[in-house]
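# Secondary and tertiary structure notes
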Amino acid sequence: MKGTAPPGAGNEREAAAWVRGMFARVARRYDLANHVLSFNIDRLWRARTVRRVRPILERPGARVLDICCGTGDLTLALARECRTPVLGSDFCHPMLVAAREKVERRRARARLFEADALHLPLRDAALDLVTVAFGFRNLANYRAGLAEMRRVLGPGGMAAILEFSQPPNAVFAALYHFYSRRILPLIGGALSGSRDAYAYLPESVRKFPSAEELAEGMRRAGFQEVRYERFSGGIAALHLGVTPPGRPPA
């Protein structure tokens, strides 16, 4: 449960700077590359995530934040189901610009702000739901990321982490690794203009904690009823955890 380790980064500050710069370079073609490389399955994964958190979205006055929101796909999906405006945050300005264009074009009930997911400008216990889709593995410190999610959630709140994972089936895992390490960088680089970004992707997934390890990390961070489900043979996994009822921690 350390954090992302992009090439050349010697500490958390350098890792965060590398990730921010990488996303800034691919922001303009990010959606196109993602949907092509995933064969549009990423839309299905987000839809399933929204269904799993719907009980929170249906609460009167629900306070919802999508961190590492990127170009806003999950933020927009949540906003369609939530009765109150959904917040979206990211620390990469060009990605937020792309998200803002989509929010305005669709007239979505969403509000965006620029912030580091490890240092959110929110008071303790301010939210009912915190989500993140395919951004958690890019954090410079996973333990700190879970702690920050826990901090801003009120009693009975929920955290939802949708992230790439390792398929448990050995044969399918071998095929997936071949695609992600050999094919994906070529196509992603051609579509985005940044091959290093899509060479980083499979390495970041390979080094990311397993579904079981992430679940245990959530428990250590103070989440209860932690559970996860794998999507598409284990290419992605959705982790859910709730905060204890009663008063928030001091």
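Residues numbered from 1 in each chain as written. Predicted model: local features only at pLDDT ≥ 70, side-chain atom pairs only at ≥ 80, totals over all residues. Heavy atoms only, no water.

## Let's talk about the overall build of the chain
Scanning the chain for helices and strands turns up 9 helices and 7 strands. Its C-alpha atoms give the chain principal-axis dimensions of roughly 50 × 40 × 35 Å. Evaluated residue by residue, the chain yields a buried proportion of 54% over its 250 residues. Relative to all contacts within the chain whose residues are 6 or more apart in sequence, the contacts with residues 24 or more apart total 71%. When the accessible surface of the chain is totalled, it reaches about 11,600 Å², and 54% of it is carbon and sulfur. Taking the average location of the 38 positive side-chain charges in the chain and that of its 24 negative ones, the two points are 3 Å from each other. (Helix = DSSP H or I, 4+ residues; strand = E, 2+ residues; numbered from the N terminus. Buried < 20%, exposed > 50% of the residue type's maximum accessible area, 1.4 Å probe, protein only. Contact = heavy atoms within 4.5 Å. Areas by Shrake-Rupley, 256 points an atom, 1.4 Å probe, with all protein chains shown as cover. Lys, Arg positive; Asp, Glu negative; His and termini not counted. Charge placed at Lys NZ, Arg CZ, Asp CG, Glu CD.)

## Describing unusual backbone geometry
Positive phi, close to 55°, is recorded for A125, a residue that is not glycine. Mapped onto the secondary structure, A125 falls in the loop between strand 3 (110-114) and strand 4 (127-133). The phi dihedral of E225 falls on the positive side, at around 50°, and the residue is not glycine. With respect to the helices and strands, E225 occurs in strand 6 (residues 224-231).

## Here we look at the packing of aromatic side chains
Scanning all chains against the criterion turns up 9 aromatic pairs. Arranged with centres 5.0 Å apart and planes meeting at 50°, the rings of W18 and Y200 form a pair that is tilted. In this pair, W18 is assigned in helix 1 (residues 12-26) and Y200 in helix 8 (residues 195-207), connecting sequence segments 182 residues apart. Y200 matches W18 in its accessibility class, with the two residues each being buried. For the pair F23 and Y30, a centre-to-centre distance of 5.9 Å together with 70° between the ring planes defines the contact as edge-to-face. (Phe/Tyr/Trp six-rings, centres within 6.5 Å; stacked < 30°, edge-to-face > 60°.)

## Here we look at a nonpolar patch on the surface
A cluster of nonpolar side chains, namely L32, V36, F178, I183, L186 and I187, defines an oily patch on the protein surface of about 490 Å² accessible area. When contributions to the nonpolar patch are tallied by element, the ones reaching two or more residues are helix 2 (30-37) and helix 7 (170-192). Relative to the helices and strands, F178 is located in helix 7. (Patch = residues over 30% accessible without salt bridge, like charges linked within 9 Å, V, L, I, M, F, W, Y side chains within 5 Å. Salt bridge = Lys/Arg side-chain N within 4 Å of Asp/Glu carboxyl O.)

## Notes on the packing of helix 3 (residues 41-57) against helix 4 (residues 73-81)
Here helix 3 crosses helix 4 at 45°, and the two axes come no closer than 10 Å. Considering the angle they form, helix 3 stands oblique to helix 4. With respect to the hand of their crossing, helix 3 and helix 4 are arranged in right-handed fashion. Mapping the contact onto sequence places R46, V50, V53, R54 and L57 in helix 3 and D73, L74, A77, L78 and E81 in helix 4. Here the contact of helix 3 with helix 4 is composed, by residue class, of 6 nonpolar, no polar and 4 charged. (Axes fitted to C-alpha atoms, helices over the stretch in contact; angles between N-to-C directions. Parallel < 35°, antiparallel > 145°, perpendicular 65-115°, else oblique. Left-handed = near helix turned anticlockwise from the far one by under 90°. Nonpolar A, V, L, I, M, F, W, Y, C, P; charged D, E, K, R; others polar.)

## Re the sheet that holds strand 5 (residues 153-164)
Within a sheet, neighbouring strands are paired by backbone hydrogen bonds and run either parallel or antiparallel to one another. Spatially, 3-2-1-4-5-7-6 is the arrangement adopted by the 7 strands of the open sheet, whose pairing is mixed. Of all strands in the sheet, those with a lone pairing partner are strand 3 and strand 6, marking the two edges. Sheet twist, expressed as the mean angle between neighbouring strand axes with direction ignored, is 15°. Relative to strand 2 (residues 86-90), strand 1 (residues 64-66) runs parallel, the two sharing 2 bridges. (Pairing = 2+ DSSP bridges.)

## Examining helix 3
In this model, helix 3 (17 residues) spans 23 Å end to end at C-alpha, consistent with the 24 Å of a helix rising 1.5 Å per residue. At R51, helix 3 shows its maximal kink, close to 35°; a proline, P55, follows between one and four residues later. For helix 3, the complete set of buried residues consists of D42, W45, R46, T49, V50, V53, I56 and L57. (Expected span 1.5 Å × (residues − 1). Bend = angle between axes of the 7 residues up to and from the residue.)

## Considerations on the pairing of strand 4
Most of strand 4 sits inside the fold, with 7 of its 7 residues counted as buried. With 3 bridges joining them, strand 1 and strand 4 adopt parallel strand pairing. Considered in strand 4, the bridge of D66 is made with T131. Summarising the sheet, strand 4 and strand 5 pair through 6 bridges and their orientation is parallel. Counterpart to A133 in the pairing with strand 5 is L162. Regarding the hand of the β-α-β motif, the stretch spanning strand 4, helix 6 (residues 142-152) and strand 5 is right-handed. (Right-handed = clockwise from strand over helix to strand, strands pointing away.)

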